[in-house]
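Next come the chains, spelled out residue by residue.
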Amino acid sequence: MRGGWCAGLLAAMVLFGPSTSHAAAEKVDCSQISLEFPPASKADWSECYVYHYSEGAEEANAEVETLIADIGTHVVHLTSVEAGRNTYLYKEPVSTKMTAYDELEDMVTGSTEPSFERFQIIRFRATIWKAPADCIGFVKYGGGAITQAGSNNGAHNYVAGYDCWRNGTPDRVQIEATLDDIDD
């Protein structure tokens, strides 16, 4: 394994607090997860993980899926989190989400990109697996519940990740193609 896969899982779990009782992440065949990224079928290397987080039967819980694919010219890492009943996730800026991926070293934040559909997007440079790369980071929140008083309890799910290109900066068409291919 090339490392860093659990960062997305840990980032999701930090939202619930330190008093956790949960099982470890399980490496699975990518066909076993609901998170889909069709270009991963052409990957030189890919791995998928599932993780169930629970603080107890009636407490906070979530299902987390992670997909990592090295597609030759670029590396895509996706994390999908689906909160359980009466559990909500904090909405954090995309720049905060990117700091949780420990395989991204020497990150230099660039500029924000205009949103695509409901994705928040940021450009940055980083070193991934000892190679420099031009990257985009993204997050899309969904399913926030509105209380009777009109306040938002946070998101019920999200998909976050990055797409790092080894040889050149991705243009807007490439960014939109990556985001369009994500099916959570």
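Residues numbered from 1 in each chain as written. Predicted model: local features only at pLDDT ≥ 70, side-chain atom pairs only at ≥ 80, totals over all residues. Heavy atoms only, no water.

Asks: Looking at this model, I keep getting lost on the confidence of the model for the protein chain. Mind explaining?
Replies: Parts of the prediction with low pLDDT should not have their coordinates interpreted in detail. In the predicted model, the protein chain carries a mean pLDDT of 83, and 82% of its residues have values of at least 70. In this model, residues 1-22 is a region of pLDDT below 50 whose contacts with residues beyond four sequence positions or in other chains number 56 contacts. (pLDDT = per-residue confidence, 0-100. Contact = heavy atoms within 4.5 Å.)

Asks: Before we go on, may I ask you to explain the layout of surface pockets in this structure?
Replies: Which parts of space are left empty comes out when a probe the size of a water molecule is rolled across the atoms. The space that makes up the largest pocket amounts to roughly 160 Å³. Lining the largest pocket are 13 residues, with Ser34, Glu63, Glu65, Ser80 and Glu82 positioned closest to its centre. Elements supplying a minimum of two residues to the lining of the largest pocket: strand S2 (45-54), strand S3 (61-70), strand S4 (74-83) and strand S8 (157-165). Looking at the lining of the largest pocket residue by residue, the class counts come to six nonpolar, three polar and four charged. (1 Å grid on protein atoms, 1.4 Å probe; cavity = no way out; pocket = protein on both sides within 12 Å on 5 of 7 lines; lining within 4 Å. Points joined across faces, edges and corners; volume = space filled by probe spheres on them. Helix = DSSP H or I, 4+ residues; strand = E, 2+ residues; numbered from the N terminus. Nonpolar A, V, L, I, M, F, W, Y, C, P; charged D, E, K, R; others polar.)

Asks: Would you mind showing me how to read the pattern of salt bridges here?
Replies: Between side chains of opposite charge, pairing is possible as soon as their charged atoms come close. This structure, assessed with the given rule, holds seven salt bridges. Between Arg125 and Asp134 there is a salt bridge, with the nearest N and O atoms lying 2.4 Å from each other. Accessibility expressed as a relative area gives 41% for Arg125, which makes it partly exposed. With a relative accessible area of 15%, Asp134 lands in the buried category. The network of salt bridges with common partners includes Glu113, Arg123, Arg172 and Glu176. (Salt bridge = Lys/Arg side-chain N within 4 Å of Asp/Glu carboxyl O. Buried < 20%, exposed > 50% of the residue type's maximum accessible area, 1.4 Å probe, protein only.)

Asks: I would appreciate a short explanation of the packing of aromatic side chains in the present structure.
Replies: For any two aromatic rings, the description comes down to two numbers: the centre-to-centre distance and the angle of the planes. This model, assessed by the stated rule, comprises four aromatic pairs. Look at Trp45 and Trp129: their rings are 5.7 Å apart centre to centre, the planes differ by 90°, and that puts the pair in the edge-to-face class. With Trp45 in strand S2 and Trp129 in the loop between strand S6 (119-128) and strand S7 (131-142), this pair connects stretches of sequence that are 84 residues apart. When its relative accessible area of 17% is taken as the criterion, Trp45 is described as buried. For Trp129, a relative accessible area of 22% translates into the label partly exposed. With centroids separated by 5.8 Å and ring planes inclined at 85°, the aromatic side chains of Phe119 and Phe138 adopt a geometry described as edge-to-face. Here the residue Phe119 occupies a position in strand S6, and Phe138 occupies one in strand S7, the gap between them amounting to 19 residues. When sorted by exposure, Phe119 lands in the same class as Phe138, which is buried. (Phe/Tyr/Trp six-rings, centres within 6.5 Å; stacked < 30°, edge-to-face > 60°.)

Asks: Can you walk me through the sheet that holds strand S5 (residues 104-116) in this structure?
Replies: Note: strands within a sheet are paired through backbone hydrogen bonds, in either parallel or antiparallel orientation. Taken together, eight strands build an open sheet; the order of strands is S1-S2-S3-S4-S8-S7-S6-S5 and the sheet is antiparallel. At either margin of the open sheet sits one strand with a lone partner, and together these are strand S1 (26-28) and S5. Strand-to-strand twist across the sheet, computed as the mean angle between neighbouring axes with direction ignored, equals 20°. Here S3 runs beside S4; their pairing, made up of nine bridges, is antiparallel. The partner of Leu67 across the bridge, within S4, is Leu78. Along the sheet, helix H3 (residues 172-181) makes contact with S5, S6, S7 and S8, crossing S5 at roughly 90°. (Pairing = 2+ DSSP bridges. Axes fitted to C-alpha atoms, helices over the stretch in contact; angles between N-to-C directions.)

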